[in-house]
Amino acid sequence: MLQAPPAEPGMREEEVDTPALLLDLDAFEANLDLMAARLAGTGAKLRAHAKTHKSAVIAQQQMRRGAVGQCVQKVAEAEALAWGGVPDILVSNQVVDPRKLRRLAALSGIAKVAVCADDAAGIDTIAAVAEAAGRRMEVLVEIDVGAGRCGVSPGPEAVALAERIAASPNLIFGGLQAYHGSAQHKRGIEERRAAIAGAAEGVRRTVEQLTQRGLPCPIIGGAGTGTYELELEQGLWTEIQAGSYAFMDADYAANGEPPAFRQSLFVLSQVMSAPRDGMAVLDAGHKAVAIDSGLPLVWERPGVRYTGASDEHGALTVEGGARPKLGERLRLVPGHCDPTVDRYDWYVGVRKGRVECLWPVSARGGMA
Ligand code: PLP
Ligand code: MN
């Protein structure tokens, strides 16, 4: 069931129904501006990852600042964005089911759509679907640059897949997907730098071998909020896929030398019980805020910590400072922004304490 919007434009933040997904618009816009400024003149473009925001509205704001398009992880996200007016979408993931591929092929009538592959049979399935749909589909080869998730090894295996794509009359070889997921949250900057140097070695070797066979790589995509500066240093990646930078979260804030983005995303919650000294209980448990990357932080309330999450309750421990009062609203910084956003139907955009806008999380919850 679609939730009713928890606020109206013009309301004060203290009047917003809870729990709600709050976006501090000044911080959010500063983050978008900072990324655009950082990429200007580098030769790399932003293809922001929409798995974070799941919103055509936010995609449009990123593209107005120079992003070439969006990444998505799933076909349902591609549908929400394409029909929401996003003209250039990369599914930065494998899609192997013919039904899902037919949905993607249909979308290529309204947007430029590309997809990744890491398997010869998978490529043949995409080619067969493209042929039946009367479309040419763009396919990138995903290489495993250290995360040990999807992707073939850099080098000959990747080249063989690229040649298979290029040989198909229904497919276009779009380049390489080279994202190092597990490097993003390595706490030390030098650990992250070493991981991305290793990734770059694999990319460089694969590009050389592709070039020898006359296969140019229009896109070399990868990088997230935690490492994008390091991919830029390498000068190889053409598209930066950062997503969390727009919002940030407690997990990114815990990185050593964290990226210079501001916290813009919050879960607004309300104190619903405060029966004893030293504690209070919020109406935001782990159904309201993702805890897969750690518990949320309480924003700007020294001495007040979020120490336990159950389904609908968030336990606060109060050490010094004033105990939050019954009915008081507190902002929480989610441990992990992406899955937190996916729990809500609306962003409540606030500026200087007032609600300014309500944006739908239009790609929310699409499991497919
Ligand atoms: N690219 C890919 C393929 C991803 O899976 C992700 C996130 O998991 C990102 C980019 C964006 O990373 P972040 O949200 O940490 O910036
Ligand atoms: Mn994430």
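The following paragraphs examine the structure supplied in this document. (Residues numbered from 1 in each chain as written. Chains lettered and ligands numbered in written order. Predicted model: local features only at pLDDT ≥ 70, side-chain atom pairs only at ≥ 80, totals over all residues. Heavy atoms only, no water.)

1. Observations regarding the layout of surface pockets
(1) Moving on: Approximately 470 Å³ is the volume attributed to the largest pocket.
(2) Moving on: Every element with two or more residues in the lining of the largest pocket is listed here: α2 (50–53) and β4 (88–94).
(3) Moving on: A class-by-class count of the residues in the lining of the largest pocket yields 8 nonpolar, 16 polar and 6 charged.
(4) Moving on: Here the second largest pocket defines a volume of roughly 250 Å³.
(5) Moving on: Tallied by class, residues from the lining of the second largest pocket come to 9 nonpolar, 2 polar and 5 charged. (1 Å grid on protein atoms, 1.4 Å probe; cavity = no way out; pocket = protein on both sides within 12 Å on 5 of 7 lines; lining within 4 Å. Points joined across faces, edges and corners; volume = space filled by probe spheres on them. Helix = DSSP H or I, 4+ residues; strand = E, 2+ residues; numbered from the N terminus. Nonpolar A, V, L, I, M, F, W, Y, C, P; charged D, E, K, R; others polar.)

2. Some thoughts on the site of ligand 1
(1) Moving on: In the vicinity of ligand 1 there are 16 residues, among which K51, T225, G243, S244 and Y252 approach most closely.
(2) Moving on: Between an oxygen atom of ligand 1 and a side-chain N or O atom of Q73, the distance comes to 2.9 Å.
(3) Moving on: In isolation ligand 1 exposes 400 Å². Once the protein is present, 93% of that is buried.
(4) Moving on: Taken atom by atom, the bulk of ligand 1 overlaps the largest pocket.
(5) Moving on: For the shell around ligand 1, a count of residues per class yields 4 nonpolar, 10 polar and 2 charged. (Near = heavy atom within 4 Å. Polar contact = N/O pair within 3.5 Å; in protein donor to acceptor, adjacent residues only side chain to side chain. Areas by Shrake-Rupley, 256 points an atom, 1.4 Å probe, with all protein chains shown as cover. Sits in = over half its atoms within 2 Å of the grid points.)

3. Topic: the environment of G294
(1) Moving on: Tracing the sequence through the fold places G294 in the loop between β11 (279–282) and β12 (297–298).
(2) Moving on: For G294, a relative accessible area of 27% puts it in the partly exposed group.
(3) Moving on: Separated by 62 residues in the primary sequence, G294 and E356 have C-alpha atoms spaced 30 Å apart. (Buried < 20%, exposed > 50% of the residue type's maximum accessible area, 1.4 Å probe, protein only.)

4. Considering the state of the cysteines
(1) Moving on: Tallied over the full model, the rule gives 0 disulfides.
(2) Moving on: Summary of cysteine pairing: C150 is not part of a disulfide, and the nearest cysteine sulfur, belonging to C116, is at 9.0 Å.
(3) Moving on: For C150, a relative accessible area of 26% gives the class partly exposed.
(4) Moving on: Among the cysteines around C357, which has no disulfide bond, C337 carries the closest sulfur, lying 18 Å off. (Disulfide = S-S within 2.5 Å.)

5. Overview of the pairing of β4
(1) Moving on: In terms of burial, β4 is largely enclosed, as 6 of its 7 residues are buried.
(2) Moving on: Both strand β3 (residues 69–72) and β4 contribute to a ladder of 3 bridges, which runs parallel. Its bridge partner lying in β4, V72 is registered against V91.
(3) Moving on: Assessed by its sense of winding, the connection that carries the chain from β3 through helix α4 (residues 75–83) to β4 is right-handed.
(4) Moving on: Strand direction decides the pairing type here: β4 and strand β5 (residues 112–117), joined by 5 bridges, are parallel. Note that in β5 the partner of I89 across the bridge is V113. (Pairing = 2+ DSSP bridges. Right-handed = clockwise from strand over helix to strand, strands pointing away.)

6. Examining the nonpolar core
(1) Moving on: Membership of the largest hydrophobic core comes to 100 residues, with the highest contact counts inside it found for L104, V141, W237, I240, F247 and Y347.
(2) Moving on: Of the residues forming this core, the biggest block, 7 residues, is contributed by helix α8 (residues 189–212).
(3) Moving on: When residues of this core are sorted by domain, at least three fall in each of domain 1 (13–21 + 259–360) and domain 2 (42–244).
(4) Moving on: Apart from the residues within four sequence positions on either side, L104 is in contact with V75, A78, V91, V95, V113, V115 and M137.
(5) Moving on: Formed by 11 residues, the second largest nonpolar core is a distinct cluster that contains L268, V333, V348 and V350. (Core = buried A, V, L, I, M, F, W, Y, C linked by side-chain atoms within 4.5 Å. Domains from an automatic or database assignment. Contact = heavy atoms within 4.5 Å.)

7. Some remarks on the pattern of salt bridges
(1) Moving on: Scanning the entire structure with this criterion turns up 28 salt bridges.
(2) Moving on: One salt bridge in this structure joins D342 and K54, with 3.7 Å as the shortest N-O distance. Note that D342 is positioned in the loop between α11 (337–341) and β16 (346–351) and K54 in the loop between α2 and α3 (56–64), a separation of 288 residues in sequence.
(3) Moving on: Of the residues examined, D342 reaches a relative accessible area of 26% and is grouped as partly exposed.
(4) Moving on: Taken together, the shared-partner salt bridges in this structure form one network comprising D26, E29, R351, K352 and E356. (Salt bridge = Lys/Arg side-chain N within 4 Å of Asp/Glu carboxyl O.)

8. Some words on the coordination of the manganese ion (ligand 2)
Octahedral metal centres with six donors ideally show angles of 90 or 180 degrees, and tetrahedral centres with four donors ideally show 109.5 degrees.
(1) Moving on: H336 (NE2) and D338 (OD) make up the full set of protein donors to the manganese ion (ligand 2), lying at 2.3 to 2.5 Å.
(2) Moving on: Classification of D338 by relative accessible area gives buried; the value is 8%. (Donors = N, O, S within 2.8 Å, 3.2 Å for Na, K, Ca; no water.)

9. What about the sheet that holds β3?
(1) Moving on: With parallel pairing, the 8 strands of this closed barrel are ordered in space as β2-β3-β4-β5-β6-β7-β8-β9.
(2) Moving on: In this sheet, strand β7 (residues 171–177) lies alongside strand β6 (residues 137–142) in parallel orientation, the contact comprising 6 bridges. Paired with E138 across the two strands is I172, which belongs to β7.

These results come straight from atomic positions and should not be treated as a statement about function.
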